[in-house]
Amino acid sequence: MSPRRVIGIDAGGTKLVGGVVDEGLGVRHRVHRLWRGGDRGEVLDVIVEAVEEARAAAPDAASVGIGIPSLVERETGASMFSTHLPLEGVPFRDLMRERLGLPVYVDNDANVAALAEFRAGAAQGARHVVMLTLGTGIGGGVIVDGRLYRGARGGGAELGHMVIDEDGPPCQGACPNRGCLEAMASGTAIGREGAAAAAREPESALARELREGREITGALVTELAHDGDAAARDVLERVGGHLGVGIANIVNVFEPEVVVVGGGAIAGGDLLLEPARAVVAERALPPSRDLVRIVPAHFGGEAGMVGAALLALDEGGV
Ligand SMILES: [Zn+2]
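Being a predicted model, the structure only gives us computed values, none of them experimental.

## A look at the packing of helix 5 (residues 187-200) against helix 8 (residues 230-254)
Relative orientation of the contacting elements helix 5 and helix 8 amounts to 140°, with a least axis distance of 9 Å. As the angle between them shows, helix 5 and helix 8 are arranged oblique. Note that helix 5 runs across helix 8; the crossing there is right-handed. Only Val235, Leu236, Arg238 and Val239 of helix 8 make contact with helix 5, whose side of the interface consists of Ile190, Glu193, Gly194, Ala197 and Arg200.

Here's what the structure looks like:
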């Protein structure tokens, strides 16, 4: 008998990553989509299309797990609020079950990423784990004594909206706050800081790319930093410092054994994490700061997809 397979979908703020995942967490038939902009109907259509594409490659896939960048109501699987996608007030789980004709399990995208890393990734064996996903925004997942912490209705653990600079830049999307961690340390923030550095330092590789007409994104800054551009490295060091301030707060509040950092921006690796670790060592309280390990996600940018598949394999989620 062939092993049970499910479809995992990570519907992030900018793009969708999906795939067919088996019980051993092997991934096949990956599916990628960029949002075409547009409204709620368009976003839901893209998700349905992605599931159908994966299903065409694996007709035996019995159920679907979906991570969405939303506050997901535990009782109903409804999307109560979303900073980055037009999904506020959408009865998401029921709607997907109806459109797909399959069992569908839903949770917040960073919660499912945390689940993947806790069960089978960089935080395996730990009981107290915090996950940060650095992408368009910053998602947070908190595992307390082996269980996901979701808050009263499902809106908790939004660590990306922890304020680290009261007078900092306005936050993104639908967040009314300023100086949130995600305004200072997300992939978007890396791109913004990179563009400022390009303007400031005309001799840098960043400035050269800008003159050649390329858009300065977080991914480009990271690529140039790995290539050794001093201005790009400087950006990652500064952003890594902001990340460290956020993680120092997390360490003081939760005393986790492991903080896992994932999402697309973790492509920066130690160029981002070393400055973060240095700030945590300097600012967080002992002994928690000495206990915690700050590590990159084992599943990289696929943690959300694998975690979403785990929801379906467990028939869990909200
Ligand atoms: Zn915010």
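The discussion continues.
## Some words on the pattern of salt bridges
When the charged atoms of two side chains with opposite charge come close together, those side chains can pair. Per the stated rule, a full pass over the model turns up 19 salt bridges. Between Glu73 and Arg153 there is a salt bridge, with its nearest N and O atoms 2.5 Å apart. With a gap of 80 residues between them, Glu73 in the loop between strand 5 (70-72) and strand 6 (79-82) and Arg153 in the loop between strand 10 (147-149) and helix 4 (181-185) connect regions that are remote in the sequence. In this structure, Arg238 engages Asp234 in a salt bridge whose closest nitrogen and oxygen atoms are separated by 3.2 Å. Taken together, the positions of Arg238 and Asp234, both in helix 8 and 4 residues apart, correspond to about one turn of that helix. Arg238 sits in the partly exposed class, given a relative accessible area of 30%. Each of the salt bridges in this network shares a partner with another, and the network as a whole consists of Arg192, Glu193, Asp234 and Arg238.

## With respect to the coordination of the zinc ion
Donor atoms from the polypeptide that coordinate the zinc ion comprise His161 (ND1), Cys171 (SG), Cys175 (SG) and Cys180 (SG), at 2.1 to 2.4 Å from the metal. Bound by 4 donor atoms, the zinc ion shows angles of 101 to 122° at the metal and therefore tetrahedral coordination geometry. Every donor residue of the zinc ion comes from the same chain, spaced as H-x9-C-x3-C-x4-C. When its relative accessible area of 0% is taken as the criterion, Cys180 is described as buried.

## Focus on the packing of helix 1 (residues 40-57) against helix 2 (residues 92-100)
Angle between the axes and distance between the axes: these two values describe a pair of packed helices. Relative to each other, helix 1 and helix 2 sit at 50°, their axes nearing to 11 Å. The orientation of helix 1 with respect to helix 2, classified from their angle, is oblique. As for how helix 1 packs across helix 2, the hand of that crossing is right-handed. Contacts between helix 1 and helix 2 involve Leu44, Asp45, Ile47, Val48, Val51, Glu52 and Arg55 from the former and Phe92, Leu95, Met96, Arg99 and Leu100 from the latter. The residue inventory of the contact of helix 1 with helix 2, partitioned by class, reads 8 nonpolar, no polar and 4 charged.

## Thoughts on the sheet that holds strand 7 (residues 104-108)
With mixed pairing, 5 strands are arranged side by side in an open sheet as 3-2-1-4-7. Lying at the two open borders of the sheet, with one neighbouring strand each, are strand 3 (27-34) and strand 7. Between one strand axis and the next, the sheet turns through 15° on average, direction left out of account. Pairing between strand 1 (residues 5-11) and strand 2 (residues 15-22): 7 bridges, direction antiparallel. Each residue of the ladder has a partner; that of Ile9, found in strand 2, is Gly18. Together, strand 1, strand 2, strand 3 and strand 4 (64-68) form the strand contacts of helix 1, whose direction differs from that of strand 3 by roughly 155°. The strands touched by helix 11 (residues 303-314) within the sheet are strand 1, strand 2, strand 3, strand 4 and strand 7, with strand 1 carrying the most contacts at an inclination of about 135°.

## Quick notes on the domain arrangement of the protein chain
Once the domains are mapped, the protein chain shows domain 1 (5-114 + 302-313) and domain 2 (125-297). For domain 1 versus domain 2, the separation of C-alpha centres amounts to 24 Å. Domain 1 puts 18 residues into the contact, and the matching count from domain 2 is 22 residues. Between domain 1 and domain 2 lies a buried interface of about 1,600 Å² when both sides are counted; carbon and sulfur atoms form 55% of it. Remark: the boundary between domain 1 and domain 2 carries 2 salt bridges. For Arg150, the salt bridge goes to Asp107, with nearest N and O atoms at 2.5 Å. At the surface where domain 1 touches domain 2, the tally comes to 7 residue pairs in polar contact (both at pLDDT 80 or more). Elements supplying a minimum of two residues to the side of domain 1 that touches domain 2: strand 5, strand 6, strand 7 and helix 3 (109-120). When residues in the side of domain 1 that touches domain 2 are grouped by element, the largest group, 4 residues, is from helix 3. Within the side of domain 1 that touches domain 2, the residues separate by chemical class into 8 nonpolar, 7 polar and 3 charged.

## Some details on the pairing of strand 11 (residues 258-262)
In terms of burial, strand 11 is largely enclosed, as 5 of its 5 residues are buried. Alternating positions in strand 11 separate into two faces, Val258, Val260 and Gly262 on one and Val259 and Val261 on the other, with burial throughout. As paired elements, strand 8 (residues 129-134) and strand 11 share 5 bridges and run parallel to each other. Its bridge partner being in strand 11, Thr133 is matched across the sheet by Gly262.

## Observations concerning the environment of Asp229
Inspection of the secondary structure assignment puts Asp229 in the loop between helix 7 (218-226) and helix 8. Residue Asp229 is classed as buried on the basis of its relative accessible area, which comes to 13%. Distance from Asp229 to Gly218, taken between C-alpha atoms, is 14 Å for residues 11 residues apart in sequence. Non-local contacts of Asp229, meaning those with residues more than four positions away in its chain, are made with Ser204, Ala205, Leu206 and Leu224. There is a polar contact of 3.0 Å between the side chain of Asp229 and the backbone nitrogen of Ala205.

Cut-offs used in this document
- Residues numbered from 1 in each chain as written.
- Predicted model: local features only at pLDDT ≥ 70, side-chain atom pairs only at ≥ 80, totals over all residues.
- Heavy atoms only, no water.
- Axes fitted to C-alpha atoms, helices over the stretch in contact; angles between N-to-C directions.
- Helix = DSSP H or I, 4+ residues; strand = E, 2+ residues; numbered from the N terminus.
- Parallel < 35°, antiparallel > 145°, perpendicular 65-115°, else oblique.
- Left-handed = near helix turned anticlockwise from the far one by under 90°.
- Contact = heavy atoms within 4.5 Å.
- Salt bridge = Lys/Arg side-chain N within 4 Å of Asp/Glu carboxyl O.
- Buried < 20%, exposed > 50% of the residue type's maximum accessible area, 1.4 Å probe, protein only.
- Donors = N, O, S within 2.8 Å, 3.2 Å for Na, K, Ca; no water.
- Tetrahedral: all angles 85-135°; square planar, octahedral: opposite > 155°, others 65-115°.
- Nonpolar A, V, L, I, M, F, W, Y, C, P; charged D, E, K, R; others polar.
- Pairing = 2+ DSSP bridges.
- Domains from an automatic or database assignment.
- Buried area = accessible area lost by both parts, 1.4 Å probe.
- Polar contact = N/O pair within 3.5 Å; in protein donor to acceptor, adjacent residues only side chain to side chain.

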